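# Descriptive structure summary
The chain contents come next:
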Amino acid sequence: MSGAIANAHSKHDDHGPVKGWRRWLYATNHKDIGTMYLVFSLVMFFCGGLMALIIRTELFTPGLQFVDPSFFNQMTTMHALIMVFGAVMPAFVGLANWMIPLMIGAPDMALPRMNNWSFWILPVAFSILGSTLFMSGGAPAGGWTMYPPLVLQTGDAFPFLIFSVHLMGLSSIMGAINVIVTIVNMRAPDMTLLKMPMFVWTWLITAYLLLAVMPVLAGAVTMLLTDRFFGTSFFLAAGGGDPVMFQHIFWFFGHPEVYIMILPAFGVVSEIIPTFSRKPLFGHDSMVYAASSIAFLSFIVWAHHMFTVGMPLTGQLFFMFATMLIAVPTGVKVFNWTATMWKGAMTFETPMLFSLSFLFLFTIGGFSGLMLAIVPADIQYHDSYFVVAHFHYVLVPGSIFGVMAAVYYWMPKWTGHYYNERLGKIHFWLSTIFVNVTFFPMHFLGLAGMPRRIPDYATQFADFNSIASAGAIGFGLSQLLFVYIVIQCVRKSGAIASQEVWDKPRGLEWTVPSPAPYHTFETPPEVSPGAAFP
Amino acid sequence: MIRKLCTSVLALLIAGDAFADWAVNMPKGVTRLSAETYEIHMVVFWWCVAIAVVVFGAMIWSLINHRKSKGAVPSQFSHSMIAEVIWTTIPVIILLIMAVPSAELMIKLEDTRDPDLTVVITGYQWKWHYAYQGEDVSFYSTLARPSMAARRRNSGIDPSTVENYLLDVDNRLVVPKGAKVRVLLTSNDVIHSWWVPELAMKKDAIPGFMNETWFRAEVSGVYRGQCAELCGMDHGYMPVVVEVVEREAFEVWLENEKGGATPVATASGELK
Amino acid sequence: MAVAMFGFGFLLVPIYDAFCEVTGFGGKTANEAATNVAVGADQNREIKLEFVTTVNEYAPWVFRSGVDGMTVHPGGLYEATFIARNLTDSHKVAQAVPSVAPQQAATYFKKLECFCFTTQEFAPGEEKEMPVRFIIDSKIPDYIDTITLSYTFFDTARLTDNSPHTAQPGHKAR
Ligand SMILES: [Cu+2]
């Protein structure tokens, strides 16, 4: 009690973080929580990456050399779960925590205690998931899509898989609620919705998507749980259920999930490209409408993941047309970014380089996505390496390069020091080259007939697999350089960053000192009516 | 650098023909519909290439010419209604152009009427069972022994010395050339997917459900594929091999097979 | 909202079922006896009906149809027999799951009586003849000329068995 009173008496202005582990365990400061999310995501990125390297090492040559097929399947399943729920999503939540209050002029997130919970659930969830590797029957091996009846054959790990997915979902939902409440209630006066920066916009849309679909995933996995343990037959044909229904429910979650992982990256590059082109974002409002229509359409295209399950023709036609339609707003975004660069005065610092790489390579992923929408062709592509190539193109140079770009862009604001630009550029070139060496040959493999999720393959697939494996190892090693650059920057070994950091960037985050003080915008900033935020 | 990479990839594509092993594209296949599928795949691919040339061209032009180091002065335009309308409508038109032939082909793919022959295919962990409907012919089809021996971890057998490594079976599905073969698919346990790229045919085998599709192979030969839906430990080891033979040869083969049927129910052999 | 969507996840189940029932999506047929089907065979139209039988996860039955197939007129009332024999010397309960191909035909395939409506109990070694009485609705679209009716036999013991199971060939008959 007395401590609390003493605290209340301390001067509010300069009260910094408490020292030691309490600062992190009881963290309610959005910057601390943002940092924890980002560090956690980096750790998970390396765990998932290690699994990817086990996969690629096994696939380096035909024949089984290192692992057994069942362990191989555990690796593919865990790699996906960790990368999706452990690396990409928390990274974006971390960026949201750090940047949204700074970008809208709020002192913190709206619900700081819930924020603490939603972070600390994650290490628990992933410890549970990771521990399944040591259980009898091994980790889940039925694919991250958890299709029944196969997933019901999982060993002791099964309930732990379901429970950890529940926790991940819970964490995402709480994070999403926090983002929505913060954006809706805590904007600086005069910052109207349409004045909000694109990163805030895309996150607002993402948060609504999360809120809408994570509970659906939770419902689906709960049904799996009761099917296994409590005698229900939601997905068992013998009891009047239908295994295909799980796929419908899963992809009702799964397709919006794809956009949950990419929309914030859209937001990031929409911040970075204008800064380094020294021009305002082209078509800010149409970008908002495009992102919203992508989000809306994402709810009515789920069955394009299931064109081979045997759907009536009308269903196939509907989902094909709806899917093709998504190409339109996505195209608008790409064209608008191009128009932003057009007649600008560009410089090519690391964040810009990663954004440009995003632009080119995400577009390639978009093209293969369009090809996959065409049902007759999809029947050939489905569950082949072509699909693996497609979604890695949108997730690695898409989502992950988006995160990398954001970290390079805002890190000087976080630490008050620049990172090592030369090393940053080297990291960029290595990543971009290796990502293509890894994933481009997979297009060929898929078209030539190699199914995904196989531990061994026919000899005619050997050459491209070797190239892909070599690329993957190169990509993995390049990321160690990233860790080195970040540590260097956090240790303040680079040049001191000015308040603006870059050349006249737009946005409120550049009006606070570098490094951003522990508490910012305790009184809301003035947003002059004419200020161009976008 | 990206361009450099693209050119090297392109060079690879062109050089690809020199090596039989370096298959980089979808097979044209041996059915009329597989050829049409290939056609649509290529049409959409070239549309993508065309769009890529325009979009990437604009980006690269801008990257080269609108850089600060060249003394570019940033203009400050930030919207244009006309541009937005143009790059919304043009994609819609292109998409419609792609959608129409796709829809036509889909209708043909679904037309399972008037088959000459019906085969019931049942997926098992991890093999296939084929039953010729109305004939007393049915059998399992499992990974061939040479592959089986070589696939073991550190088996000491070099896969390249095994003919059709992982793509060979003990009993092939034999069908007559030119006949419309209706395929009914179901599964004994988990979901599998029956895929033969040369026939442009992939369909899931789902327990408790009967899926239907068809093909008509126009060229004799042996066509190989694999299970495409993750179905557990040995998912990578349940290949599909279809042998297309002349009608007379098929009749002879069918007569020989009769009587040796393995009905699904007495699968294990231990049952009787 | 999150709670509502969690509920919505479960709500998708009945929605999906209703959807399947209306459209025949997934080749599902109704699992209750049809009432009010117009009877009156349309002698001008013939449809080829084929029967396919399967057992799931090596369920210990021999299961076959009495005839391989039959030719039917839409609107006519027909009966077909399926025969199953329990291969074990223990008491067994089976559930037959019907599926119709092509899927579009499923809603027009009206069963008045079917052994698949309830579970079927088998004494050790028992062989049973099981009837299905059905009408093919005369509203069935013209382009359908062949219908495949498939039944899969499931061992219901599997439903309450929590242990992870991979399909094991050979339930040894003791
Ligand atoms: Cu399989």
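Residues numbered from 1 in each chain as written. Chains lettered and ligands numbered in written order. Predicted model: local features only at pLDDT ≥ 70, side-chain atom pairs only at ≥ 80, totals over all residues. Heavy atoms only, no water.

### Remarks on the overall build of chain B
How we decide: Comment: elements are numbered from the N terminus, with helices defined as DSSP H or I runs of at least four residues and strands as E runs of at least two. For each residue, the accessible area found with a 1.4 Å probe, counting protein chains only, is set against the maximum for its type, and the residue is called buried under 20%, exposed over 50%, and partly exposed in between. By the convention used here, residues are in contact when the closest approach between their heavy atoms is within 4.5 Å. Residue exposure ignores everything except the shown protein chains as possible cover, and the areas themselves are Shrake-Rupley values with a 1.4 Å probe.
Helix and strand counts for chain B come out as five helices and 10 strands. Within the span of chain B, comprising 272 residues, buried residues form 52% of the whole. Long-range contacts, defined as pairs at least 24 residues apart, comprise 67% of the intrachain contacts of chain B with a sequence gap of at least 6. As presented, chain B carries roughly 12000 Å² of accessible surface, and 61% of it is formed by carbon and sulfur atoms.

### Observations concerning the overall build of chain A
For clarity, the cut-off: This radius of gyration counts C-alpha atoms alone. The globule rule is 2.2 Å times how many residues there are, raised to the power 0.38. In this tally, Lys and Arg are treated as positive and Asp and Glu as negative; His is ignored, and so are the chain termini. A single reference atom marks each charge: NZ on Lys, CZ on Arg, CG on Asp, CD on Glu.
Check the secondary structure of chain A and you find 15 helices and zero strands. Against the 2.2 N^0.38 benchmark of 24 Å for 534 residues, chain A shows a C-alpha radius of gyration of 23 Å, consistent with a compact globule. When the accessible surface of chain A is summed, it comes to about 16100 Å², and 71% of that surface belongs to carbon and sulfur atoms. Distance between charge centroids for chain A: 9 Å, based on 23 positive and 24 negative side chains.

### A few points about the packing of aromatic side chains
Our working rule: Two aromatic rings from Phe, Tyr or Trp, using only the six-membered ring of Trp, form a pair when their centres are within 6.5 Å; if the ring planes differ by under 30 degrees the pair is stacked, by over 60 it is edge-to-face, and anything between is tilted. A ring has a charge above it when a Lys NZ or an Arg CZ is no more than 6 Å from the ring centre and no more than 35 degrees off the ring normal.
Applying the stated rule across the entire model yields 69 aromatic pairs over all chains. Linked through ring pairs, A:F85, A:W144, A:Y147, A:F234, A:F235, A:F246, A:F250, A:W251 and A:F253 together constitute an aromatic cluster. Lying over the aromatic face of C:F122, C:K128 brings its terminal NZ or CZ to 5.0 Å of the ring centre.

### Structural notes on unusual backbone geometry
Here the residue pair A:S514 and A:P515 is connected by a cis peptide bond, since its omega of -10° sits within 30 degrees of zero. Looking at the secondary structure, you find A:P515 in the segment after α15 (462-490). C:P102 follows C:A101 through a cis peptide bond whose omega is -5°. Tracing the backbone shows C:P102 in the loop between β5 (92-101) and β6 (109-114). For A:M146, which is not glycine, the phi dihedral falls at a positive 55°. In this structure, A:M146 sits in the loop between α5 (112-131) and α6 (157-185). Positive phi values are uncommon outside glycine, yet A:K492 reaches one of about 60°. Within the secondary structure, A:K492 sits in the segment after α15.

### What to know about the domain arrangement of chain B
All names here are of chain B. What counts is decided by this rule: Residue ranges for the domains originate in an automatic or database domain assignment. As used here, buried area is the combined drop in accessible area, with a 1.4 Å probe, of two parts when they are placed together.
Each domain of chain B was delimited in the assignment, giving domain 1 (32-65 + 79-109) and domain 2 (117-258). Counting from both sides, the interface comprises six residues of domain 1 and, opposite them, seven residues of domain 2. Taken over both partners, the interface formed by domain 1 and domain 2 buries close to 400 Å², and the fraction arising from carbon and sulfur atoms is 47%. Considering only the side of domain 1, the residues that lose the most area to domain 2 are R32, S34 and L109, jointly responsible for 71% of the buried surface there.

### Digging into the coordination of the copper ion
Residue and element names in this part refer to chain B. Operational definition: With water omitted from the atoms examined, metal sites may look incomplete; donors here are N, O and S atoms no farther than 2.8 Å from the metal, or 3.2 Å in the case of Na, K and Ca. Tetrahedral means four donors with every angle between 85 and 135 degrees, whereas square planar (four donors) and octahedral (six donors) require angles over 155 degrees between opposite donors and between 65 and 115 for all others; sites fitting neither are termed irregular.
Protein-derived coordination of the copper ion comes from H192 (ND1), C227 (SG), C231 (SG) and M238 (SD), at a distance range of 2.1 to 2.6 Å. Each of the four donor atoms bound to the copper ion contributes to angles spanning 94 to 131°, and the resulting shape is tetrahedral. All donors of the copper ion come from a single chain, and their spacing in sequence reads H-x34-C-x3-C-x6-M. Residue H192 is found in strand β6 (residues 192-196), and its partner M238 is found in the loop between β9 (221-227) and β10 (240-245); the two are separated by 46 residues along the sequence. No difference in accessibility class separates H192 from M238, as the two residues are buried.

### Some thoughts on the interface of chain B and chain A
Selection criterion: For this document, the term salt bridge refers to a Lys or Arg side-chain nitrogen within 4 Å of an Asp or Glu carboxyl oxygen. Distance and chemistry together define a polar contact, namely a pair of N or O atoms within 3.5 Å, with one atom able to donate a hydrogen and the other to accept it when in protein, and with adjacent residues in sequence counting only for side-chain atoms on both sides. Think of it as three bins: nonpolar holds Ala, Val, Leu, Ile, Met, Phe, Trp, Tyr, Cys and Pro, charged holds Asp, Glu, Lys and Arg, and polar takes everything else, Gly as well.
Each side of the interface is counted separately: chain B has 95 residues, and chain A has 103 residues. Summing both partners gives a buried area of about 8400 Å² for chain B against chain A, and 71% of it is carried by carbon and sulfur. The largest per-residue losses of area from chain B upon contact with chain A belong to B:W87, B:M106 and B:L230, which jointly make up 8% of the total buried on that side. Our enumeration of links across chain B and chain A arrives at two salt bridges. Between B:K68 and A:D503 there is a salt bridge, with the nearest N and O atoms lying 3.7 Å from each other. Remark: the boundary between chain B and chain A carries 22 residue pairs in polar contact (both at pLDDT 80 or more). Listed by contribution, the elements that provide at least two residues to the side of chain B that touches chain A are α1 (2-15), α2 (32-65), α3 (81-110), β6, β7 (201-205) and β9 of chain B. For the side of chain B that touches chain A, the residue count by class is 58 nonpolar, 23 polar and 14 charged.

### Comments concerning the sheet that holds strand β4 (residues 77-86) of chain C
All names here are of chain C. Rules: One requirement defines pairing of two strands: DSSP has to find at least two bridges between them. For helices, the fitted axis covers only the stretch in contact; all axes are lines through C-alpha atoms, and the angles between them, taken along N-to-C directions, range from 0 to 180 degrees.
Ordered by their spatial adjacency, four strands build an open sheet running β2-β4-β8-β6, and the pairing between neighbours is antiparallel. Each edge of the sheet is formed by a strand with only one pairing partner; in this case those strands are β2 (61-65) and β6. Direction aside, the axes of adjacent strands within the sheet are offset by 25° on average. Pairing of β4 with strand β8 (residues 127-136) involves nine bridges; the strand directions are antiparallel. By the bridge assignment, F82 is partnered in β8 with M130.

### Remarks on the sheet that holds strand β2 (residues 127-132) of chain B
All names here are of chain B. Spatially, five strands are ordered β3-β2-β1-β5-β8 in an open sheet, and the strand pairing comes out mixed. Two strands in the sheet have a free side with no partner beyond their single neighbour: β3 (137-141) and β8 (211-215). Strand after strand, the sheet turns through a mean of 25° between neighbouring axes, direction not considered. With five bridges connecting them, strand β5 (residues 181-187) and β8 associate as antiparallel partners. Across the sheet, residue V181 finds its bridge partner in β8, namely F215. Contacts from helix α5 (residues 247-257) reach β1 (117-124), β2 and β3 within the one sheet, and its direction differs from that of β3 by about 85°.

### Section: the side chain of A:H443
Here A:H443 is to be found in helix α14 (residues 421-447). Leaving out residues up to four positions away in the same chain, A:H443 has contacts with A:S368, A:F386, A:A389, A:H390 and A:Y393.

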